[in-house]
Amino acid sequence: MMALLSLAIGSFGIGMTEFVVMGLLPDIARDLRPELWAASPEEAIGQTGVLVSLYALGVVIGAPTIAGLVARFPRHRVMIGLAIALTVFNALTVVLPTFELVGASRLLAGLPHGAYFGIGALVAADVLGPGKRAQGVAFILTGLTIANVIGVPLGTFLGQQWGWRTAFLVVTLVFAAATACIAAFVPKHPGEPGRTLRSELGVFRVGQVWLTLGVGAIGFGGFFAVYSYVAPLVTDVAGSPEWAVPIVLVVVGLGMTVGNLLGGYMADRDLRRTLLVGMGGLALVLVLLALLSSQIILLTVLAFGVGLVSSVLSPAIQTRLMDVAGDNQSIAAALNHSALNIGNSLGAFLGGAVISLGWGFTAPAWIGALLALVGLAIAAIAYRSERVAVAIG
């Protein structure tokens, strides 16, 4: 159990570093883009959202390449190396002075993200045994969701009070603790000596892998289109004070924690239904959010719903990738996070674009609902094509 908890500390740090920037976008924009902020705070916030996209791009690049390169090495040593990299790259965000350099540090910080979750999920799945793979995946992801209950709101509060860099200092300390705990408690876990990057990349020849990646990359983008701009949604649309932002983030995190545990349980029992119903539910709750977010109570309730439904999907998508990837388990487990962070980048970009166009801070919710519906369509196509292939074969 200590091994799993050690890995979960790292996933807590990843959840915090990935999401805390979203609640601090106004503060970062004010500090690093002062001239643009003075001219148009709305445009400054929209453009500062590129930091979210750069982190996501780092995940997309790093997940398949790092996971493929390290598949043959002992997994416990790989996890230590990844935790060290996360510590160093987040420390750079604390100290680098300009917007461009901070953007580069966010790209670097994203590189180890997917490999950490992917290889950690394989370790957890082995520990829990057959029939509980999705629950093993969910356990590692629990650190990420708890980060949204505790770490992200705390980081947002600290960043608002003592400067946004304070939040990333906390993140750096969390990763340092994770490194020490992994080194102390994660037992020896062999890699796959025969695996190479070339053999691992064979996963991209599997059509179902591409379809599953599409579900995560597009469908899950609906969540990030809204979550990236929670701060202005709370303050500008609902008319609430800035201190309400961390509270809403706590509520989203609670929804994510419940949804993640529920999703692991559901996916082990009926993976297909979990994916289809979950994606449709995400589209519905985002439409309701777009319509009802002017009232802070309704916004808060629906924020819980967005967190819950989106996190039901996370272990389901990862398990589906592992199912369709054949022997390429290391890279498949990591690719889930490439897909989700393509969704992160896509959702943040489209949400920022419609805000910059002057469509208002509820526009990202409509964009998010559309992305979720596209994800639902891709999931339906994937399962239908699989049934047809089985019938023909």
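Figured I'd write up the structure that's included with this text.

1. Here we look at the overall build of the protein
Logical step 1: Each helix and strand counted, the protein has 19 helices and zero strands in total.
Logical step 2: A compact globule built from 393 residues should have a C-alpha radius of gyration of about 21 Å, and the protein, at 20 Å, falls within 12% of that.
Logical step 3: Counting every position in the protein, which comprises 393 residues, the buried fraction comes to 59%.
Logical step 4: Counting only carbon and sulfur atoms, one obtains 71% of the accessible surface of the protein, whose full area is about 14600 Å².
Logical step 5: One way to put it: in the protein the 19 positive side-chain charges average out to a point 13 Å from where the 17 negative ones average out.

2. A closer look at the pattern of salt bridges
Logical step 1: A complete count under the given rule lists two salt bridges for this structure.
Logical step 2: Close ionic contact of Asp27 with Arg30 constitutes a salt bridge, the shortest N to O distance being 3.6 Å. Residue Asp27 and its partner Arg30 are both found in helix α2 (residues 25–32); the two are separated by three residues, about one turn of the helix.
Logical step 3: Judged by relative accessible area, Arg30 falls into the partly exposed class, the value being 39%.

3. Points about the nonpolar core
Logical step 1: Grouped together as the largest cluster of nonpolar side chains are 99 residues, with contacts concentrated most on Phe19, Phe223, Tyr227 and Leu289.
Logical step 2: Among the nonpolar cores identified, the runner-up in size contains 10 residues, and Val203, Leu213, Ala325 and Ile331 belong to it.

4. A look at the packing of helix α16 (residues 271–292) against helix α17 (residues 296–324)
Logical step 1: α17 packs onto α16 with a crossing angle of 155° between their chain directions and a minimal axis gap of 8 Å. Considering the angle they form, α16 stands roughly antiparallel to α17. Seen from above, α16 lies across α17 with left-handed handedness.
Logical step 2: Across the contact of α16 with α17, the residue classes break down as 18 nonpolar, six polar and two charged.

5. Re α17
Logical step 1: With 29 residues, α17 should reach 42 Å at 1.5 Å per residue; the first-to-last C-alpha distance of 42 Å fits that figure.
Logical step 2: One or two steps after α17, the chain reaches Gly326, where phi turns positive at roughly 65°.

6. Here's the deal with the environment of Val312
Logical step 1: Structurally, Val312 is set in helix α17.
Logical step 2: For Val312, a relative accessible area of 6% corresponds to the buried category.
Logical step 3: Apart from residues no more than four positions distant in its own chain, Val312 is found in contact with Gly259, Asn260, Leu262, Gly263, Met266 and Thr274.

7. With respect to the packing of aromatic side chains
Logical step 1: Across all of its chains, the model carries nine aromatic pairs by this definition.
Logical step 2: For the pair Trp164 and Phe168, a centre-to-centre distance of 6.0 Å together with 80° between the ring planes defines the contact as edge-to-face. Phe168 carries the same exposure label as Trp164, and that label is buried.
Logical step 3: With centroids separated by 5.1 Å and ring planes inclined at 70°, the aromatic side chains of Phe223 and Phe224 adopt a geometry described as edge-to-face.
Logical step 4: Note that Arg33 overlies the ring of Phe99, its terminal NZ or CZ placed 4.6 Å from the centroid.
Logical step 5: Arg320 extends its terminal NZ or CZ atom over the ring of Tyr383, reaching a point 4.5 Å from the ring centre.

8. Focus: the environment of Ile378
Logical step 1: Examined against the element boundaries, Ile378 turns out to sit in helix α19 (residues 363–392).
Logical step 2: According to the relative accessible area criterion, Ile378 is buried, its value standing at 16%.
Logical step 3: Linking Ile378 and Phe157, residues 221 residues apart in sequence, is a C-alpha distance of 38 Å.
Logical step 4: Not counting chain neighbours up to four residues away, the residues in contact with Ile378 comprise Leu211, Gly214, Val215 and Ile218.

9. Topic: a nonpolar patch on the surface
Logical step 1: A contiguous nonpolar surface patch, about 540 Å² in accessible area, is contributed by Leu284, Leu288, Leu291, Leu292, Leu298 and Trp366.
Logical step 2: If you tally residues by element for the nonpolar patch, the top one is α16, at four residues.
Logical step 3: By relative accessible area, Leu284 is classed as exposed at 55%.

10. Overview of the side chain of Ser6
Logical step 1: Mapped onto the secondary structure, Ser6 falls in helix α1 (residues 2–23).
Logical step 2: Apart from the residues within four sequence positions on either side, Ser6 is in contact with Tyr116, Ala178, Cys181, Ile182, Phe185 and Val186.

11. Here we look at the packing of α2 against helix α4 (residues 41–48)
Logical step 1: One can describe the packing of α2 onto α4 by two numbers: an axis separation of 9 Å at closest approach and a directional angle of 105°. In terms of axis orientation, α2 runs roughly perpendicular to α4. Packed against α2, whose contacting residues are Leu25, Pro26, Ile28 and Ala29, the element α4 presents Ala44, Ile45 and Thr48 at the interface.
Logical step 2: Within the contact of α2 with α4, the residues separate by chemical class into six nonpolar, one polar and no charged.

Thresholds applied
- Residues numbered from 1 in each chain as written.
- Predicted model: local features only at pLDDT ≥ 70, side-chain atom pairs only at ≥ 80, totals over all residues.
- Heavy atoms only, no water.
- Helix = DSSP H or I, 4+ residues; strand = E, 2+ residues; numbered from the N terminus.
- Rg over C-alpha atoms; globule rule 2.2 N^0.38 Å.
- Buried < 20%, exposed > 50% of the residue type's maximum accessible area, 1.4 Å probe, protein only.
- Areas by Shrake-Rupley, 256 points an atom, 1.4 Å probe, with all protein chains shown as cover.
- Lys, Arg positive; Asp, Glu negative; His and termini not counted.
- Charge placed at Lys NZ, Arg CZ, Asp CG, Glu CD.
- Salt bridge = Lys/Arg side-chain N within 4 Å of Asp/Glu carboxyl O.
- Core = buried A, V, L, I, M, F, W, Y, C linked by side-chain atoms within 4.5 Å.
- Axes fitted to C-alpha atoms, helices over the stretch in contact; angles between N-to-C directions.
- Parallel < 35°, antiparallel > 145°, perpendicular 65-115°, else oblique.
- Left-handed = near helix turned anticlockwise from the far one by under 90°.
- Nonpolar A, V, L, I, M, F, W, Y, C, P; charged D, E, K, R; others polar.
- Expected span 1.5 Å × (residues − 1).
- Contact = heavy atoms within 4.5 Å.
- Phe/Tyr/Trp six-rings, centres within 6.5 Å; stacked < 30°, edge-to-face > 60°.
- Lys NZ or Arg CZ within 6 Å of the ring centre and 35° of its normal.
- Patch = residues over 30% accessible without salt bridge, like charges linked within 9 Å, V, L, I, M, F, W, Y side chains within 5 Å.

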